[in-house]
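What the coordinates show
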Amino acid sequence: MTNTFRALEVTESNNNTYEKSITERPFDSLPEGDVLIRVSYSSLNYKDALSATGNRGVTQNYPHTPGIDAAGTVVKSTDSRFNKGDKVIVTGYDLGMNTSGGYSEFIRVPADWVVMCPSNLSLYESMIYGTAGFTAGLSIYKMIKSGVQTGHGDILVTGATGGVGSIAISILSKLGYNVIAVTGKSSEKEKLLDIGAADVISRDDIADHSGRPILKARWAGAIDTVGGDTLANVIKAIKYNGCVTCCGNVGGQSFTSSIYPFILRGVSLIGIDSVQCPADLRLEIWRKLGNQWKLDMNNIIINNITLEELPNSMDMILNGTHVGRTVVSINAN
């Protein structure tokens, strides 16, 4: 093993702009931790792109290496739960936020952040899921636990072309749910139908400007990845004892709702936190993703890129032209 490794590094310039470059870093620049991992793959998420723009709500200090996802092989561990050669996944916690992240040939993290990669899931496949897939899985798990079953009616998925939305559609379809996808990108309709959506509707189809506190019941459940007014309108139209899971805020961090959907229809609103999710539940979700929920990866919209191609892909996700999941090859061999 050499004394340095390659990583994407974001640096702050004197005029408050942020530059992205591939650099050589020494191993002693990595944070302290129990497990040293040689990263094979990472993935691209909206939070990664924000970190690379200097968003202080995500990352406080620069220079910094983003990447909230990583999958690779254990090189060294001081924790008995992991041994050299183990295939592992790290998502959530502080990885890529204020801890040097997955856009690097090596990471060093606390053992409690590390999950064994399920035996029938490759490292590459785990990063097709990444935080987005894990969040989709956790959303579906919580919705099912709330009591929403396949015979109860249609399930709405907002932000359908994004990472969470597209994977949620595929898993729900595999489980037998009738999924209605919501998107502002009409050109992606056929792709959404191909990955399992029964129908695709526009954001205008669920918009409501009437001001009514409750609407005609349309959906047995919903996976909302958008937030804002979209979430407010979805809640109004959920059927009796239905459930909405909420995991995103690209449409706004606040919304206004009345109490009526909750006290007249028994609607549940469940927040999804993939960052601090307890280790036992985290492992359970990954096992489901690798077993009974495992998808045909050919049915997922996947973009494969290198470290050098990351800056352009980050621009795409920030300007809303990014579609599907993006896997970043780090040490693929």
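Our structure is the block above this text.
Quantities reported herein were computed from a predicted structural model and do not represent experimental measurements.

1. A short note on the overall build of the chain
A tally of helices and strands in the chain yields eight helices and 15 strands. Its C-alpha atoms give the chain a radius of gyration of 20 Å, within 12% of the compact-globule value 20 Å for 333 residues. Expressed along its principal axes, the backbone C-alpha trace of the chain runs to roughly 65 × 45 × 35 Å. Looking at the chain as a whole, 54% of its 333 residues are labelled buried.

2. Remarks on the environment of lysine 84
Mapped onto the fold, lysine 84 is located in the loop between strand 4 (69–77) and strand 5 (87–91). Taking the C-alpha atoms as reference points, lysine 84 and leucine 36, separated by 48 residues in sequence, lie 9.2 Å from one another. Apart from the residues within four sequence positions on either side, lysine 84 is in contact with Val74 and Val75.

3. A few points about the side chain of serine 43
Here serine 43 is to be found in strand 3 (residues 35–43). A polar side-chain atom of serine 43 sits 2.5 Å from a polar atom in the side chain of aspartate 69. Of the polar contacts made by the side chain of serine 43, one reaches the side chain of arginine 325; its length is 3.0 Å. Setting aside chain neighbours within four positions, we find serine 43 in contact with Asp48, Asp69, Tyr103, Met127, Gly130, Arg325, Thr326, Val327 and Val328.

4. A few points about a nonpolar patch on the surface
A surface patch of nonpolar side chains, amounting to about 410 Å² of accessible area, comprises Ile259, Tyr260, Ile263 and Leu264. With respect to the helices, strands and loops of the structure, tyrosine 260 is situated in helix 6 (residues 260–264). For tyrosine 260, a relative accessible area of 38% translates into the label partly exposed.

5. Regarding the pattern of salt bridges
Close approach of charged atoms allows side chains with opposite charge to pair. Going through the model one piece at a time under the given rule, you end up with eight salt bridges. In this structure, arginine 81 and aspartate 79 form a salt bridge, with 2.9 Å as the shortest nitrogen-oxygen distance. Arginine 81 gets classed as partly exposed once you look at its relative accessible area, which sits at 47%. By relative accessible area, which is 17% here, aspartate 79 ends up buried. Across the pair lysine 236 and aspartate 208 runs a salt bridge, and its minimum N-O distance is 3.2 Å. Here lysine 236, found in helix 5 (residues 228–236), pairs with aspartate 208, found in the loop between strand 10 (199–202) and strand 11 (219–224); they are 28 residues apart in sequence, far enough to count as distant. According to the relative accessible area criterion, lysine 236 is buried, its value standing at 11%. Look at aspartate 208 and you get buried, because its relative accessible area is 15%. What emerges from the salt-bridge pattern is a single network uniting Asp79, Arg81 and Asp112.

6. Examining the pairing of strand 4
The side chains of a regular strand alternate between the sheet's two faces. Where strand 3 meets strand 4, six bridges bridge the pair, whose relative direction is antiparallel. Directly across from tyrosine 41, in strand 4, lies its bridge partner alanine 71. Where strand 4 and strand 5 come together, five bridges link them in antiparallel fashion. Among the inter-strand pairings, aspartate 69 is bridged to a residue of strand 5, identified as threonine 91.

7. Looking at the side chain of threonine 230
Inspection of the secondary structure assignment puts threonine 230 in helix 5. For threonine 230, a relative accessible area of 17% puts it in the buried group.

About the criteria used
- Residues numbered from 1 in each chain as written.
- Predicted model: local features only at pLDDT ≥ 70, side-chain atom pairs only at ≥ 80, totals over all residues.
- Heavy atoms only, no water.
- Helix = DSSP H or I, 4+ residues; strand = E, 2+ residues; numbered from the N terminus.
- Rg over C-alpha atoms; globule rule 2.2 N^0.38 Å.
- Buried < 20%, exposed > 50% of the residue type's maximum accessible area, 1.4 Å probe, protein only.
- Contact = heavy atoms within 4.5 Å.
- Polar contact = N/O pair within 3.5 Å; in protein donor to acceptor, adjacent residues only side chain to side chain.
- Patch = residues over 30% accessible without salt bridge, like charges linked within 9 Å, V, L, I, M, F, W, Y side chains within 5 Å.
- Areas by Shrake-Rupley, 256 points an atom, 1.4 Å probe, with all protein chains shown as cover.
- Salt bridge = Lys/Arg side-chain N within 4 Å of Asp/Glu carboxyl O.
- Pairing = 2+ DSSP bridges.

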